[in-house]
Structure formats: structure tokens, C-alpha cells
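Residue-level listing of the chains:
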Amino acid sequence: MSLILAAVAVWLLGAVGWALARRRRDLAAAIGAGAAVVGAALGACAAGSALSGREAQVLSAAWPVPFAGLGLRLDALAAAFLLPLCLIGALCAILAVPTRHHADGGGAGAGFAAFNALLASMATVVLAANLVLLLAAWEVMTFASYALVVTDHDSRAVREAGYQYLIFSQLAAGALLLLFLVLAAATGTWELAAVPVAHARTAVAGLFVLMVIGFGTKAAVVPFHVWLPAAHAAAPAHVSALMSGVMITMGFYGLARFLPLLGPPSPGVAFTLIGLGAAGALGAVLLALLQRDVKRVLAYSTVENAGLITLAMGAGLLGQWAGAPELAVLGWSAALFHIWSHSLAKSLLFGGVGAFAHEARSRDLEGWGGLLARWPVVGGLTVVGALAIAAVPGLSGFVGEWLIFRALFAGALVLHGVARAAMVVGIAVLAMTAAVTLAGQARLIGIGLLGTPRREPPAGAFRPPARATTAPLAALAGSCLLIAWFPAPLVAALAGALATLVPGGAPTLVVDAVRPLGSLALVLTGVVALVAVLRGALAGRGVPRATETWGCGYAGAPGRTQYSASSLAEPVRQAFAPLLRTRVERLGPVGYWPAEASWRSRTLDRTVTGVYRPAFGGVSALLQRLRDLQEPRVTTYLRYVVLALLVVLALLFLPIVVRP
Amino acid sequence: MDRFGDVVLLLVLMTNFAVLVTGRLSACIRIMTAQGVLLAMLPLASGARFGVHIAVLTAGTLAIKAGVLPRILRWAIREAPVRRELAPSIGPIGGVLLGLAAVGLAFGVATRLPHAAGLAVEGLVPVSLASLMMGFVVLTTRQKALSLVIGYLMLENGIYVFGLTLAGDIPLLVELGVLLDVFVGVFIMGLVVFQIQRELESQDSRRLTELRD
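Please read these numbers as outputs of a predicted model, since none were measured by experiment. (Residues numbered from 1 in each chain as written. Chains lettered and ligands numbered in written order. Predicted model: local features only at pLDDT ≥ 70, side-chain atom pairs only at ≥ 80, totals over all residues. Heavy atoms only, no water.)

Enquirer: Can you walk me through the overall build of chain B in this structure?
Expert: Along the backbone of chain B there are seven helices and zero strands. For chain B, the α and β elements follow one another from N to C terminus as α-α-α-α-α-α-α. Counting only residues that meet the buried cut, chain B has 52% of its 213 residues in that class. Within chain B, residue pairs in contact and separated by at least 24 positions form 76% of the contacts whose partners lie at least 6 positions apart. A total accessible area of about 9900 Å² is found for chain B, and carbon and sulfur atoms account for 68% of it. (Helix = DSSP H or I, 4+ residues; strand = E, 2+ residues; numbered from the N terminus. Buried < 20%, exposed > 50% of the residue type's maximum accessible area, 1.4 Å probe, protein only. Contact = heavy atoms within 4.5 Å. Areas by Shrake-Rupley, 256 points an atom, 1.4 Å probe, with all protein chains shown as cover.)

Structure follows, in C-alpha cells:
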């Protein structure tokens, strides 16, 4: 416990320490990043020991804040979320260092202050054993991440994205506040209860809805994901990496911690999670394929993976309800494992793609191309991340999705009726999602990094990357490989967390399921390494000769005649046209000598166009009507006051008022 | 002492009605001065044991409500050439009728309010509510900024009377704080009235519309 307290203390010191060195950016960055790394190292030690420990470490102290107590508890479940937080937090802090001289990079002192505050608040969220403390840490997390999102606040788009993020976060915080109040009223204490309390059926439904809104918004569960693509596109690279890799897992931590408090799992809860997860995964992966902004591609990919994790959680709950221990253990293990693998791979991808976007001064995929040749190391690491996200065998993402498949198949075999149908639909959605993800990542890498440049990058860009950029990315890529090679030890290490989610659940089944995947990954890595070595040896023999590649008979075709990102996505878009409702504007070509032609497509998120825009428009219209009450006379306002007073007095005449 | 308290409260109500029927601002100020004197007598009648507390309260009320505030208001009308409330939205008859309705409502409500047991003077709560509502009547029907100040003063006096129900329990410092609060409030309002007059060449609060966002 003292280790993790020291970690939080170091982060908090880092959050205020920058003030000492406001003018000197190098020193401020050193203090900020140093505090983040030292704190993360301490936190990782604490989390590592808690992960294997049987007993939860508890600290509780009196605190003069009303209702709150300084109650902290570090158990296996908390540790399972704390460890990726520390690892990725430290690496993202290092990634930020090279941006310390850019206004939009977030590597300066104030950026590190918010970054360290974010790390400390996320750790507190995971540790809090008191609902008020948890809510306070949750809010600090929101505000710190908001400050990071609007790092480049000179841009109007960034400010709007931040505003949107803040609104969604506050709606979610409102739901959480309500949830905590009800829970506290039911248990009679503000301590985070370890055992479920009996609630009425309708109360369970209400509490579940509050949980999905409150935690699901942070976890990017559809349809509460809308803030995420905008915020991730607006934030600096290392911030997107941390938010996408770690902060959304805080939402899943909340769900994992609070769903058991609802009492024995009900089918309604499980089916809702499965439905939201499946819809989110499929919808988001299609949108990811159609984005032009590279960071929005990755953001929608995050939403997709959040959908998969939600789906796995729902499957686990369904197993618990139906008394199918195999499904329960596989589902929850799949969720935990996929949280880890997605965290690592997505941070890597955001870090790499963000670095490229910063050098190219553009996030428009249609303007990229040929970037791998300019930055082979960063590019190669980014490709590893893309392959891991696309669940290519031999990398971490494959193990996670394999486990989800295993869970769904196990469910389809043992369950009956609607539950079996849900599992089968889940399998179909997962298969489709995996295929489209592969297409999306192939598009990102193929269009963005391969080929020839479509637009010349600005002068002075793509100098050799700083070691502070390549080293963290290499560490993340290494972690992706490592958990793909040795998934069984990781699953075994997560056994404690699993036991808190599925009482009596033993991970032997899961360990057996993933062990062959580790061997497969080792063999595949070996083959790839062997091919690379052979190629290197053979290529070294001859004399390299630069020639034109075959260009369909066209000589000297410019970069702009390559396949574009939109054209690559077009077949999939047409297949899903009824779902996507893309707006396409096309002009020409007409006649024998067409002069001008253009083609433009725009696919909007249908939760935005279908749900949020009408809803917010309605609220705005209602409020506009309230404006008519505003009259420019003091006496009018005084009359409103009198009216309010009379209404209050009239309440006295109603029988509802309790009189002594 | 009960009878004495009731008489004072009745006189307070009468002064409120007097404001409702009076258009001349200087007369209104004189009536408010009288009300201040009456209010200063109330702590003596409220049944609390006479002591330093009550003595200071009486003296403070007398000084501020009957001394300083009227002086500020008189200064304000001397500086601004306004003598009468010219355009009340209802006449004196309407004002009295509204005042009567307010008194009726106040006595109706007062019986339903949970209040501290053992009040020496039964009438404190209804009279305070009536003063409050009659203050609102003045505030909502008159246009001149200075009339609004007088309405606000009536409203404050109502709150002050309500506070007397707790005179034995509230620390002296709090009571003095409230008195000071009213003083500062009226002082600032006097300045604002003066400024409105200087800026807009009129005291008509309707012309504040120009400040709408």
C-alpha cells in the first residue's frame, strides 16, 4: 500500500512541480516526465505484488470531507487495471518529451501537470474504496484529460471537441452521482460495498442504466461514444494514446466493479451488454474504415474494441446467469485479456500515427503515402501496432479475439433459446468485425505508409526521430509481442481479478485455451525473423538497382494516381450502404472529352445524426422558448419572484407537506 | 407586554398601507422613518429578557432604520429632481386592495407554518409575511428607482420582523450583521439611483431595458 501511495504522491508532485520551471521547457519536461516515470515504476511494483497477492491491501483514514473517507483498497481487480496504467502512462510521458517545444504538442510544463494529475486521478479511481472519493477522482480525471485534449486551444475545432467531451463527461458524471446516491442509500454507507445488496427488479434495471451511462461514456460504449472520435483527433498524440489505451479502461473497471453489486446476473443486463457491444463493434469498425482523418480512424477502432470488450462482458454475465461456468470464465477472461491487448496495441498505434501526423502537419490520410520509407523504425513499429489491432495471428490482439470467439462458441454449445441465438449473432458480428478491421488497418498502413507520397511533406519534416519517440513505441511493440508469446502466464496472473468477477472461477480452462496460441505466435515470429534474415542476406549479395515498378503501361505516373483511401474502402461501403447512409456527390465525367470530374463521399455517425442532433436541437428549442420569459423590466423579474413566493406558500396548503 | 407588542405590530401594518397609498416620495420616506422607530420598539415587546442584547438591538435599529437610511433616501431625492411616483401601474385603491389580500394571505399562511413554540407576540409571523408581500406589491407596481428602494426596505423590514421571533436565540453579532447588510444595500441602491439619474436623465427603471443582453 505504501508503494502505491508513494506513486500517487510522486504524480501529484509532478503535477505541481512544473510551476518551478515554467520558463524553462527542458527542465519542466524533465520534471514532468521524470515524475510520471518514477511514479509509474512505484505503482507498477505495487500492482505487480497485488496481482499475485490473495489479500486485498486496505488503507482507511479519517478525512474531514463530508461523507468521504480516505478509503483505498488495492485488490487483484484493481491491480489488473493499475498495471497497464503504469506501463502505458510512463511510456506516453516519454513520448511527450520531444514535443516540448511545440505549442500544440502538450510536452510543456502545463501539459505535464495535467498529464501527471490524470495519472494520479486514474490510479485513485481504481483504488478508491469510498464512493465520494471515487466520484471526486473521476471528476479530476475528466478535467485533467479535458485540459490535455484542448492543448492546442488556438484551433476552433479543438475547442469544440473539448467542449463536447466535457458535456458528455458531465452527463455521465450526473448518472454516476445518482448511482452512488442510490447505492449509498441502499447500503447505508458511502463505502464501496464488496457484497451485493438486494434491490427490487425495477431498481436493478435503473441502476444498470445509470452504470451504462456513467461508466459506458468513459468506456466509449455505443451510443455514448460520440465524444471520443472528436476528442482523440483533437488531442496530442501521447494524450490520445493514454486516453485510448488507459482512460477508457477506467469505464470498464467501473463496470467490472459495480455490475456484481447488482446481485445475481440477470439476462436483461447480459443481453443489453451483448447488444450494445455487437452494435458498437460493427458500426464503429465500418465508420473507422470510412474516416479520412487518421486519428479518427484509430478512435473509431477504439470504439470497436470497446464494443468487443462489452460483448465479452455480456457473454460472461450470461454464463453466470445460465449456470454455464465455462462461458462465464471464458467471457470475463476474454474481456480482461482484450483490455490489456487493446491498451498496449492502441497506445502504440496512436503514438506512431500521431508522430507521423505531427511530422506531416496533416491528419488527412488522402494526403499521406510513402511515409514508411522516411521513418522506417517508427513506421515498422506502427505496422506492428496495426497488425496487433487487426488481430493478425502471432500478435496480442489475436489472443484476445480468439478468447472472445471461444467464449461465444462455448455459449452457443451449452445455452438454449434466445441466449444461444445471441451467441450465434455475436459470432457472426465478431467475424465480420474482424474482417473489416483488417481492411481498415490495411487501408491505414497501405495508403498512409506505403506507396509514394501524394503530397510533399513540409520542409524540415522527418528528421531522424528522437530516441524518446522510438524507445517507448519499441517497448509497447515488445509488450504486444510478449503477451502474444506468453499469453498463458498473463491469464494465470489475472486469475485473482477473475476470481473477484466470477466467484470460484478458475482460469485453468483459459490457460489451456491460450497455450497453443503462444506457441503459434513464437513459431510465426520465428518464421518472420527467418525470412527477414534470409532476405537481408540475399539482398546483400547483388547490386541494388533502382527502376520503375510496373505501372500498367503508364510511365511516370505521379503519386496522386495511386489508389486513394476512399477508393480502397468503396467496395465495403457499398456493401453496407443501407446501414451507413453515406452522402455521395459525384460530378461527371461526361462526354467524350470530359473536362472536370469529382467524387466526394461523407459518412456521418448515425448516433450523432439520428439521436444526439435531434435531442440537443429539441432541448435548445425548448430553452429558446424560455427566453421569451426574459423581459427587459426590473419589475417583471420582481413579479416572477412574487409568483415563485406565492407558489411556495401555496405548497403549505397542500396535504403533502409534513407538519410537526 | 403582549398588548403593547400587538399595538406596535398593528402600527407597522398601518405604515405599510400608508406607503401603498402615498405617491409623494418625501412622504414615503417619512412613513418609513416612522416604521423604523416602530421596529426599534419591537425587540422590547418581543418578550425576551431585557439585557445588553436587546438594548443594543433597539439602539442599532433606531440608528439605522430611523436615522441613517432615511437620511440617505432624502439625499437621493434632493440630488435627483423626482418628487412623486408618477406612473404606478395601479392606483392607490388597487394598492390597498392588493395589500389587504397580502394581509389575508399572510395570516392564512402563518397558521400553517411550523414555528418556534412560546412566541411572546402571536402577530410577529403574519405581520412579517404581510410586510414582505406588501414590499413586493410596491416593488412590482412602481417604476421609479427610488420607489423600488422603498419597496425593498419594506421587504427587508418584514424579514427583520421575522428575525425577531428568534431574537432570543440569534447571537447579537448576526443581528447587527443583518442591519449592516440592509444599510449597505440601501446605500448602494442610493448610489445606483443617482447614477441612473445621471446617465439616463431619468429615474424610470423601464429605461434599464437598454441593458438587456
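Resuming the write-up.
Enquirer: Help me understand the overall build of chain A, please; the structure alone is not making it clear to me.
Expert: A tally of regular secondary structure across chain A gives 24 helices and four strands. At 26 Å, chain A has a C-alpha radius of gyration in line with the 26 Å of a compact globule built from 660 residues. With respect to the principal axes defined by its C-alpha atoms, chain A has extents near 100 × 70 × 65 Å. Each of the 660 residues in chain A was classed as buried or not, and the buried ones make up 52%. Residue pairs in contact within chain A that sit at least 24 positions apart in sequence constitute 78% of those at least 6 positions apart. Element-wise, carbon and sulfur atoms account for 67% of the exposed surface of chain A, whose accessible area totals about 29000 Å². Here chain A contributes 44 positive and 25 negative side-chain charges, whose respective centroids are spaced 1 Å apart. (Rg over C-alpha atoms; globule rule 2.2 N^0.38 Å. Lys, Arg positive; Asp, Glu negative; His and termini not counted. Charge placed at Lys NZ, Arg CZ, Asp CG, Glu CD.)

Enquirer: I would appreciate a short explanation of unusual backbone geometry in the present structure.
Expert: The bulk of non-glycine residues show a negative phi, and the bulk of peptide bonds are trans. Residue and element names in this part refer to chain A. Geometrically, the link from V222 to P223 is a cis peptide bond, its omega value of 5° lying close to zero. Examined against the element boundaries, P223 turns out to sit in the loop between α7 (201–218) and α8 (227–234). Phi at A220 takes a positive value of approximately 60°, unusual for a residue other than glycine. The residue A220 is located in the loop between α7 and α8 in this model. With phi around 50°, R581 is a residue other than glycine that occupies positive phi space. Following the sequence through the fold, R581 ends up in the loop between α22 (577–580) and β3 (583–587). On the basis of relative accessible area, R581 is assigned to the exposed category, the value being 59%.

Enquirer: Help me understand the packing of helix α3 (residues 76–96) of chain A against helix α12 (residues 325–360) of chain A in this model?
Expert: For any two helices packed against each other, one specifies the crossing angle of their axes together with the interaxial distance. Residues and elements named next belong to chain A. Direction vectors running N to C along α3 and α12 enclose 5°, while the axes themselves pass 11 Å from each other. By the angle class used here, α3 and α12 are roughly parallel. Taken together, the residues of α12 that come into contact with α3 (itself represented by A80, F81, L83, P84, L87, I88 and L95) are L336, I339, W340, S343, L344, S347 and G351. In terms of residue class, the contact of α3 with α12 is built from 11 nonpolar, three polar and no charged. (Axes fitted to C-alpha atoms, helices over the stretch in contact; angles between N-to-C directions. Parallel < 35°, antiparallel > 145°, perpendicular 65-115°, else oblique. Nonpolar A, V, L, I, M, F, W, Y, C, P; charged D, E, K, R; others polar.)

Enquirer: Help me understand the environment of L127 of chain A, please; the structure alone is not making it clear to me.
Expert: Topologically, L127 of chain A is positioned in helix α4 (residues 109–127). Here the alpha-carbon distance between L127 of chain A and L192 of chain A, two residues 65 residues apart in the chain, equals 11 Å.

Enquirer: Any chance you could explain the UniProt feature "transmembrane region" (unreviewed entry) in chain B here in plain terms?
Expert: Mapped onto this structure's residue numbering, the UniProt feature "transmembrane region" (unreviewed entry) falls at residues 50–69, 90–110, 116–139, 146–166 and 172–196 of chain B. The distance separating the terminal C-alpha atoms of residues 90–110 of chain B is 27 Å; by composition the span is 90% helix and 0% strand. (UniProt positions renumbered as here; feature names shortened; annotations may be inferred.)

Enquirer: Is there a simple way to explain the nonpolar core in this structure?
Expert: The nonpolar side chains of a soluble globular protein tend to be buried with one another. Residue and element names in this part refer to chain A. Judged by nonpolar contacts, the single largest core of 208 residues is most densely connected at L74, M122, L179, F252 and F258. Here this core gets 21 residues from one element, more than from any other, and that element is α12. Contact partners of L74, with chain neighbours within four places excluded, come to M1, I4, A46, A50, A56, Q57, A79, L82 and L127. (Core = buried A, V, L, I, M, F, W, Y, C linked by side-chain atoms within 4.5 Å.)

Enquirer: For this particular structure, what's the right way to read the packing of aromatic side chains?
Expert: According to the stated counting rule, one finds 15 aromatic pairs over all chains in the structure shown. Plain terms: the ring middles of F356 of chain A and W368 of chain A are 6.3 Å apart, the flat faces sit at 55° to each other, and that makes the pair tilted. Of the two residues, F356 of chain A sits in helix α12 while W368 of chain A sits in the loop between α12 and α13 (371–374), which places them 12 residues apart along the sequence. Arranged with centres 6.5 Å apart and planes meeting at 80°, the rings of W485 of chain A and F486 of chain A form a pair that is edge-to-face. On the basis of relative accessible area, W485 of chain A is assigned to the partly exposed category, the value being 23%. Exposure remark for F486 of chain A: the relative accessible area of 43% places this residue in the partly exposed category. In this structure an aromatic cluster arises from ring pairing among W138, F180, F215 and F258 of chain A. In this arrangement the basic side chain of K65 of chain B is found over the ring face of Y160 of chain B, its NZ or CZ atom lying 5.3 Å from the centre. (Phe/Tyr/Trp six-rings, centres within 6.5 Å; stacked < 30°, edge-to-face > 60°. Lys NZ or Arg CZ within 6 Å of the ring centre and 35° of its normal.)

Enquirer: Got a minute to help me understand the pattern of salt bridges in this structure?
Expert: Note that side chains of opposite charge can pair when their charged atoms are close. All names here are of chain A. In the structure shown here, the tally under the stated rule is eight salt bridges over all chains. A salt bridge links D293 to R363; the shortest N-O distance between them is 3.0 Å. Pair noted here: D293 is in the loop between α10 (267–290) and α11 (294–322) and R363 is in the loop between α12 and α13, with a separation of 70 residues, a long-range link. What makes D293 buried here is its relative accessible area of 15%. Through salt bridges with shared partners, a single ionic network connects R292, D364 and R455. (Salt bridge = Lys/Arg side-chain N within 4 Å of Asp/Glu carboxyl O.)

Enquirer: Whenever I open this one, helix α14 (residues 376–389) of chain A confuses me. Can you help?
Expert: The periodicity of an α-helix, 3.6 residues per turn, causes residues three or four places apart in sequence to face the same way. Residue and element names in this part refer to chain A. Over its 14 residues, α14 runs 20 Å from end to end, which matches the ideal 20 Å to within 8%, given 1.5 Å per residue. The set of residues buried in α14 consists of V378, G379, L381, T382, G385, A386, A388 and I389. On its buried face, α14 is in contact with α11, α12, α13, α15 (396–414), α16 (417–448) and α17 (467–485). In the stretch just after α14, A391 is the one whose phi turns positive, near 60°. (Expected span 1.5 Å × (residues − 1).)

Enquirer: Could you clarify how one ought to interpret a positive patch on the surface in this entry?
Expert: Residues and elements named next belong to chain B. Together, R24, R30, R71, R74 and R78 make up a positively charged patch on the protein surface. Counting residues per element, the positive patch draws most heavily on helix α3 (residues 52–79), at three residues. Along the polypeptide, R78 turns up in helix α3. (Patch = residues over 30% accessible without salt bridge, like charges linked within 9 Å, V, L, I, M, F, W, Y side chains within 5 Å.)

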